[in-house]
Structure formats: structure tokens, C-alpha cells
Amino acid sequence: MTAGAEKQPEDGSHEKQNVHLDSTKQAAASPVYTMQAFFDGKMKVEDFARSEQERPTVPHDIFDDTLPVVDIAAIKDGTAEERRANVVKMLKAAKSWGFFKISNHEIPLQVVLSNLQLIFVTADHACDEAATFFQKRVESSSTKQVKRVKKNGKQFFALPMERKLPVRAPDFVFGYTGGSPVNWKSKWWLEALMIKVTDEALDDMIGQVFPDEKDFGVRFKEDLKAFFSPMHELSRFIVEELTEALGLERDTFTRLETPGSNCTGRMNHYPVCPNPDSVLGIPPHADTQLLGILHQDDTGGLQVLKDGEWVGIQPDDSTFVVNIGDTFQAITNGILRSAAHRAVVNAKKDRYSTIYFYGIDNSITLTVPPKLITEDRPLKYRPFTVREHRKYIVDNEVPINAVQHLEINPEATALFLEKLFG
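Rules of the game
Residues numbered from 1 in each chain as written. Predicted model: local features only at pLDDT ≥ 70, side-chain atom pairs only at ≥ 80, totals over all residues. Heavy atoms only, no water. Phe/Tyr/Trp six-rings, centres within 6.5 Å; stacked < 30°, edge-to-face > 60°. Helix = DSSP H or I, 4+ residues; strand = E, 2+ residues; numbered from the N terminus. Buried < 20%, exposed > 50% of the residue type's maximum accessible area, 1.4 Å probe, protein only. Lys NZ or Arg CZ within 6 Å of the ring centre and 35° of its normal. Axes fitted to C-alpha atoms, helices over the stretch in contact; angles between N-to-C directions. Parallel < 35°, antiparallel > 145°, perpendicular 65-115°, else oblique. Left-handed = near helix turned anticlockwise from the far one by under 90°. Contact = heavy atoms within 4.5 Å. Nonpolar A, V, L, I, M, F, W, Y, C, P; charged D, E, K, R; others polar. Salt bridge = Lys/Arg side-chain N within 4 Å of Asp/Glu carboxyl O.

A. Seen up close, the packing of aromatic side chains. Evaluated as defined, the whole model comprises 7 aromatic pairs. Aromatic pair Phe-253 and Phe-328: ring centres 5.9 Å apart, planes at 85°, arrangement edge-to-face. With a gap of 75 residues between them, Phe-253 in the loop between α10 (214–245) and β5 (264–270) and Phe-328 in helix α11 (residues 326–331) connect regions that are remote in the sequence. Phe-328 carries the same exposure label as Phe-253, and that label is buried. Among the aromatic residues, those joined into a cluster by ring pairs are Phe-38, Phe-39, Phe-48 and Trp-189. Against the face of Phe-237 rests Lys-76, its NZ or CZ located 5.0 Å from the ring centre. One Lys or Arg, Lys-306, reaches over the ring of Trp-97 and ends 5.3 Å from the middle of that ring.

B. Quick look at the packing of helix α9 (residues 199–209) against α10. Viewed as axis vectors pointing N to C, α9 and α10 meet at an angle of 140°, and their least axial separation amounts to 10 Å. Judged on the interaxial angle alone, α10 and α9 are oblique. Crossing of α9 over α10 shows right-handed handedness. Across the interface between the two elements, Asp-199, Leu-202, Asp-203, Met-205 and Ile-206 of α9 pack against Gly-217, Phe-220, Lys-221, Leu-224 and Lys-225 of α10. Across the contact of α9 with α10, the residue classes tally to 5 nonpolar, 1 polar and 4 charged.

C. Region of the structure containing the pattern of salt bridges. Scanning the entire structure with this criterion turns up 19 salt bridges. The salt bridge partner of Arg-55 is Glu-52, with a shortest N-O separation of 3.5 Å. Asp-251 is the partner of Arg-255 in a salt bridge, and the nearest nitrogen-oxygen pair spans 3.0 Å. Look at the salt bridges and you will find they share partners, linking Arg-83, Arg-236, Glu-240, Glu-241, Glu-244, Arg-250 and Glu-257 into a network.

Set out below in C-alpha cells:
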């Protein structure tokens, strides 16, 4: 079997509908989200409480320092020995952790920090502490670009909530989401903006949020692209290095990228929570795409499930965090690992993060390459499309083990693992 064979009929309709939905119809069709309801006084903190078994046991600021760090510059420009050592480290981490950090990635940090400032704080629920935090971080740079973005951010912060609602996500995919849909059993403590990284989608979003601030909208778009464009190339590079390390042609998977691919940016805001011991920002889950690259502020809150224990990932300004997604696990026949992770919150400080998800075409049928099927590792995953998998995840309220439904016989496999591990 090959990695991606048949292409399904016309694919672009789904994304185009997201881009071109009339703002009034989109808002009417969109679900009400949990944090939106909380800000409106229609939900209480108690409504977000998890069961005793689900509640976080590791605080947001307790970290483990054993997550491997891969030097991207050494892979690109180092000696043969340096390159080999870092590729081996990256592949080992992708197999065992499903996560690793990357250093020397050449993405300007000031671009990340300034874009984080632009997104979430509005006049009706602004956090003075978070605003002061970002002001200090951004002012540490003297670049004209950061100063310009800082000014733009202040304009965005002044917007009332109703200015964001026209781009509220109608399908929990692209647009503004204030948490999880209120009818879900799982209540998320965050607000987010999921961005389709195309000129058309960005123009549509900016046109709805800033209809009368044309110059600001242009700058806003430029600042977003200044971050997402190099992240896209970095993502492709990491995917190709891992692919080649598995013994496949370097572009086995990246050549399946098309205009219909699921390459997206997401920005998250986790507000201060008065009862963080019973609430989760995002519950345990794995991501859909090939991989994600995350920058988190210095608050802390990302936790990864490793060997049955939750491990806090320490934030720092010199690295990004990379995680393998379900698609990469499935099309590598389970060699790479899509690890469960969650976001915990705290009572003192808002947390912000931004992530770029790299994916391949939504409608191409993906299959495991023959080289990754052996007698010791028989075929585990059936043919699937990213769109199908994403729909399953949303329909099932983002389960922790969604990739299991792509297994050839998930029921039998689950029963076998239960008997094996008790």
C-alpha cells in the first residue's frame, strides 16, 4: 500500500464554506461555547468541574526536564555526526514520547509574542495582569515590528466580545471558539482562534472583525503570516527528516500537501480560574494532523501522558514544543506516537499559547507505505482520510484515544490490550 493513493471527488467546498459564510448566518449556526456562556453569566465555575478521576493532580508549574531537545540548526548545517545524533534523538523521541523540543529553529520570538498579544483580551473581560505581562515581554525588544504590533494589540484588546462573534466557528474547526460547545459533557476552560492559513481565509476573518480599520487589518494579516509562513516550512522540514529516518523517500508524506490540506494556526487563551484543581483548560486528547509546533508563554500548563504519568512541560523562550499527531501515527503503522496531552489552568495568571498544525490533504485516502509493514509489525491501520478522522473526533467530543477507530479491528485490539495490561 502507498501513502495516499486515490483522491476523492472535489474537496474545496468544506473550507470555502468556512471562509465565505455570511457573518450573520455563521453566528446563528454556530454553537454557544462554554467560556462565552461563562463570560455572559450563564455558566458558573462549578459547571466546568471534572469528575474526581479526571481532575488534575499535577499543578501547572510543576515540570519535568527530561523531554528531549533537538537542535534544528545542527540537522541543517552541522557536521555529519551532529546531524545524525540529532535526527536519531528526534526519531527516538517521536517514537517514545510523541513530543520533543526544538532549539535553534530560526523563528523570531518577537513575532510569536506579538501575535499572541493580538488575539484574545477584550474590554469586557480583560485581564490586567496578562496585559502587563505581555507589555513587559514585548517591550524587551526594540524592533519596529514589535512596537507596531503592540500598538495594534491595544486596538484589538479594546474590542467588545460581539466583535469576535461574527467569526465564531460554525463547526468547531475554523474561527473563534470560546471553549467547547455547551452541550458537550466536557467543559473546556479556554478561548481560542483557529485560523485557516490562506490569504482568502485571513482576509475574510479580518474583514469581519475589522471592517472599518483597513490599515490595521492589513498589518494584522502581515503579522500573522510573519509567524505562520516560516512555521509551515519548519513543519515540512521536521516531517521530512522523520520520514527519511524511517527509511522512506523524504517527500513520501509532504508531497500529499495540497491547497485542501489541514494546515492551520491556533491561538489559545486560558483565563485565570478560581478553582483550577477541578477544571481543565483542555482535557486529555491527541491532535489530528501530522504534527504541531507549539509556543507557550512562561505560565506553564501543558502536560503530556508518559508511561501512565502526567508530565509538565517547562516553557522557555529558546525552544518550541513539537508533537506527533494521529495522522502521523496511523500512516507510519504506529511507529511514531501520537501522545495524549492536556492543559491545566491556575488561579493567578492567564496563560497564552500558539500552535501551528501541519497536515496533508483532507480528502486523499491515506494508507501505510509497504516498507513500514513487516512480519514483526503487521498492518495495523486501515485506509482513511483526515476529514473522516477529524469528523470522528468532533462527533465524539475529542476523545483521548481517537486514533483507535482507525485500527483494522479496534475492538479486538482494545480487548487484547486490556487482557495484556489488565
